[in-house]
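Analysis of the macromolecular model
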Amino acid sequence: MQFIINKRFRVFFGLFLTLMLLASCSEQKRTWVRNYPKNTPFVYNNQINLQGNFSKDEKKRLLNDLQNYWDDSLKVPKQQQFGLFYKIKNPAVFDTSNINSSALFMNSFLNAQGYYYAILTNRFTLDTVKDQIRASVYMNIDAGKNITIDQVKYEMNDSSLQKIASTLSGKSLLKKGNAYSKQIISNELDRIVGIFRRNGYYKITREDVYAYVDSNNTNLFALTLDPFEQAKLLSEVAKAKKENPNWDITIRQREVEDSSRLYKYHIGDLYYYPETKITDVPDSLIRDNSFLEKRNNESIMRYKKGLFNFRPLKEDTYLKKGDIYSEEKYFKTANALGQLAAWQNVDIRPSIRDKDTLDMYFYMTPAVKQSFTVDLEASRNIADIGVTNLLGITTNLSYNNRNVWKNAIQSIATFRTGVELNILNTSNQPDQLLQTFLINIGHTYVFPGIVQPFKRWKGLDKIDNRRTLWSVNGGYVDRRNFYTIRTLTTSFGYEWKKGNNSFLYKPINVELYFIDKLDSLDQLIIKNPFLKASFNEGSIVSQSLSFVRTTNGINNPNKNKFYRIAIEEAGGLFGFIPGLNGNIYRYLKVETEYKQSVKFPKSELAYRAFAGLGYNYGGDTIIGPTLPFFKQFSAGGPNSMRAWRLRQLGLGSSNQSEQDTAINAFRDRFGDMQLEFNMEYRFQLATIGSFKIGSALYADIGNVWNIRKAASTDPDTRFSLNSFTRDMAIGIGTGLRFDMSYFLIRLDFAYKLKDPLRAANNGWMSIKDFTWNDIRPNGVRVPNFALQLGIGLPF
């Protein structure tokens, strides 16, 4: 059996090396043509060679965009096949007249980007391959210097608009010395209109402003009667334009025929229709006299069934009667109300009343109030202790109420129960079939807004998607002959957003754990002393703060970035209470994560960096010097260090977890520190309708350590700069991704390029003595590879 498995993996590895060799070949050698016109020139390839004084990112952006400006008849219908090969199907007949039209399109695009002095030249070649006459078209572009912005001015006919524009001119997108482009001017016009609409000018639109660009040099207007002097002046101006071209830009207001466009509008009455049906016509609702009404100062709620109270409506409405109309607050209100689970659709329509008043009408379609889901899960588990092959069966029940107490409070109740069965029961004893039983009950409330005992803070109006979260969970686990665990956890916290930044703060988080150790576990701890810290009884009273930021590239919209920082502190105050010594953990835990992806037309490059550190500063001899194991870090599995099985990497270069070769040896490894870096190149193999098959090449680097010394642990488990390179693990691999649009199934194969526990070759893989398994000094056989099945992308 082992021979068969090794043979299959050798075939797999051979195919992998073959694919790498093919990838090193030129793209032309990996391209074939179908349905081409025989003995007639057809478009086989087009290429743009771009030269100019610009950054690497700017050149890449221009090249990608310029590809879209080939004439349709010069575009190559090339399709990627299996990630490495390309197919050209039904190529167009080559016509030289289309080259000039392509040059015209590309020059117009460059003008829009501020390159008004570009020089475009072209050529083509014809190559004969059997009955194929392949035409390759080359466009050589010298972009020249980009136009820069010189002076920026604002000239509004209305004095109030002029004052607003001048006051906020410091935040202009048009800066002296910056590159000129039509896009940045368009963005500046949008900014100016947005400023006006945030200051009450509801009727002002883009049609009311424009940009006047002056490319003339004032020296041309100098008076001179000497024709030679005038010719010299013209020559100097032309030279200056070419060497250092710069233009003046003036943002101006068009003449207004309708004076109401310059009125500053104020918020009037607020009308809420929280029971709007999806088939209702808004205008007919206003004229319907059968509604019941509730009033709350300047707000009116019109209803028929009385399904909602005023509080959630007012809580997430940033528009107040009498305030100057602000488009920013309008969209902020629409987004906040739309985030509430109680409504599936929110539509806000302003209506002009009198001369300068805007009444706001809120048409809100309720979501289904209650829902119930049932899930059944099955898995094959490799147990940490006891019997190693278990079949896990779990049932999950969930009940969701989206409008508790008529206040749009979301209530989520969950019930989970499951068992682990000994599927390889060789003892012929029926009572050995059931190995684990678990049950968990949880309840979570999501309150609109920030629930707090103090007077409403004015600063709360500056944040978005405000939520208050309260959850309670209780659980029971019975691991046959080893232990029983009872848990009770509760937390209270706040969630909000500010722009691209998301925050979650939990001022109180309580986790109570009670463990009853049985004889089999006591015997196991005697054999493996380092397990003692994993089964210590200790509870947690902590607070935590997490920050997440997502951004898109300004110069490259296909570049996405993700930042996350999380801090948790436990026992800082409660640890001083004498009666709690030895019962609660005292630690500080910090996590940071950075992810970035760059998308290309048919592929994507993604990478991730993660660092986590936890420090137990309590010094309690009962609990121990490390974090509780359920708060520690681990590596390995489908989303982390994929060449190692789940939680099977580390600690450091210690082999302590592999010392006991008995069937009940503890396998999982947890540590107080983790460093990891992942890089992945993703590409598409084939598309069948909406079903996509992709692949990836990736590398994972990292490990897990402890940072404090413990008497029962190996010194090699601790982090040290002296052993950092020795401890670092490296895995490489490839895989398949089956994308069904609504979810993605991932099958990854990875090999341990460097294993800190590998005795030979300083842990590095040996090509000469390549093997699929590594025999440890104590005789334990450990695979050098891993197959991982995952749902969704790893990062």
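Quick look at the structure, then. The structure displayed is predicted, hence computed values, not measured ones.

1. A few points about helix 10 (residues 519–527)
Count 3.6 residues to each turn of an α-helix, and residues three or four apart come out pointing the same way. Looking only at helix 10, the buried set comprises L521, L524 and I525. Summarising the axial view, the buried residues of helix 10 lie within an arc of 100°, below the 170-degree limit, and thus occupy one face. The exposed residues of helix 10 that point more than 90 degrees off its buried face are D519, I526 and K527. Buried residues along helix 10 sit against strand 20 (483–498) and strand 21 (501–517).

2. Points about the sheet that holds strand 7 (residues 148–155)
Strand order in this open sheet of three strands is 7-9-8, and the pairing throughout is mixed. At either end of the open sheet lies a strand with only one pairing partner, and these are strand 7 and strand 8 (209–214). Strand-to-strand twist in this sheet, taken as the mean axis angle between neighbours without regard to direction, amounts to 20°. Alignment of strand 7 against strand 9 (residues 246–253), held across six bridges, turns out to be parallel. In the sheet register, Y154 faces strand 9, and the bridge partner there is I251. Against the sheet, helix 5 (residues 182–198) makes contact with strand 7, strand 8 and strand 9, and its axis sits at roughly 140° relative to strand 8, the strand it touches most.

3. A closer look at the packing of helix 2 (residues 56–66) against helix 3 (residues 97–112)
Running from N to C, helix 2 and helix 3 point in directions that differ by 140°, and their axes come no closer than 11 Å. Regarding the angle of helix 2 to helix 3, the classification is oblique. Like other packed secondary-structure pairs, helix 2 and helix 3 cross with a definite hand, here right-handed. Residue-level inspection shows L62, D65 and L66 of helix 2 in contact with helix 3, the latter providing M106, F109 and L110.

4. As for the sheet that holds strand 2 (residues 41–51)
Spatial ordering of the open sheet is given by 2-6-5, a layout of three strands whose pairing is mixed. Every other strand in the sheet has two partners, leaving strand 2 and strand 5 (119–129) as the edge strands with one partner each. Averaged over all adjacent pairs, the angle separating strand axes in this sheet is 20°, with direction ignored. Taken together, the 11 bridges between strand 5 and strand 6 (residues 132–142) define a ladder with antiparallel strand orientation. When the bridges of strand 6 are listed, T128 appears paired with I133. Packed onto the sheet, helix 2 meets strand 2 and strand 6 and runs at close to 155° relative to strand 2.

5. Focus on a nonpolar patch on the surface
Together, I565, I567, L588, Y615 and Y617 make up an exposed nonpolar region whose accessible area comes to about 420 Å². Mapped onto the secondary structure, I567 falls in strand 23 (residues 559–570). A residue is classified by how much of its surface remains accessible, and I567, at 40% relative accessible area, is partly exposed.

6. Topic: the pairing of strand 24 (residues 587–599)
Within a regular strand, side chains alternate between the sheet's two faces. Note: strand 23 against strand 24, 12 bridges, orientation antiparallel. Bridge pairing in strand 24 links R564 to E593. Where strand 24 and strand 25 (residues 603–616) come together, 13 bridges link them in antiparallel fashion. Across the sheet, residue E593 finds its bridge partner in strand 25, namely F610. The hairpin formed by strand 24 and strand 25 contains three residues between the paired strands.

7. Comments concerning unusual backbone geometry
Peptide bonds are mostly trans, and most non-glycine residues show a negative phi. The phi dihedral of N297 falls on the positive side, at around 55°, and the residue is not glycine. Topologically, N297 is positioned in the loop between strand 11 (292–296) and strand 12 (299–303). Overall, N297 belongs to the exposed group, its relative accessible area being 71%. One non-glycine residue, N761, lies in positive phi territory at about 60°. Among the secondary structure elements, N761 is positioned in the loop between strand 29 (744–754) and strand 30 (773–775). Residue N761 is classed as partly exposed on the basis of its relative accessible area of 46%.

8. Some details on helix 2
Buried within helix 2 are the following residues: E58, L62 and L66. An end-on view of helix 2 places all buried positions within 60° of arc, on one side of the element. Its buried side turned inward, helix 2 meets strand 2, helix 3 and strand 6. Two or three places before E58, at the opening of helix 2, S55 has a side-chain oxygen 3.2 Å from that residue's backbone nitrogen.

9. Topic: the side chain of S136
Counting through the fold element by element, S136 comes out in strand 6. Relative accessible area serves as the criterion here: at 6%, S136 is assigned to the buried category. Residues within four places of S136 in sequence aside, it is in contact with Y44, N45, R123, F124 and T125.

Rules behind the numbers
Residues numbered from 1 in each chain as written. Predicted model: local features only at pLDDT ≥ 70, side-chain atom pairs only at ≥ 80, totals over all residues. Heavy atoms only, no water. Buried < 20%, exposed > 50% of the residue type's maximum accessible area, 1.4 Å probe, protein only. Helix = DSSP H or I, 4+ residues; strand = E, 2+ residues; numbered from the N terminus. Arc of directions from axis to C-beta. Contact = heavy atoms within 4.5 Å. Pairing = 2+ DSSP bridges. Axes fitted to C-alpha atoms, helices over the stretch in contact; angles between N-to-C directions. Parallel < 35°, antiparallel > 145°, perpendicular 65-115°, else oblique. Left-handed = near helix turned anticlockwise from the far one by under 90°. Patch = residues over 30% accessible without salt bridge, like charges linked within 9 Å, V, L, I, M, F, W, Y side chains within 5 Å. Areas by Shrake-Rupley, 256 points an atom, 1.4 Å probe, with all protein chains shown as cover. Salt bridge = Lys/Arg side-chain N within 4 Å of Asp/Glu carboxyl O. Polar contact = N/O pair within 3.5 Å; in protein donor to acceptor, adjacent residues only side chain to side chain.

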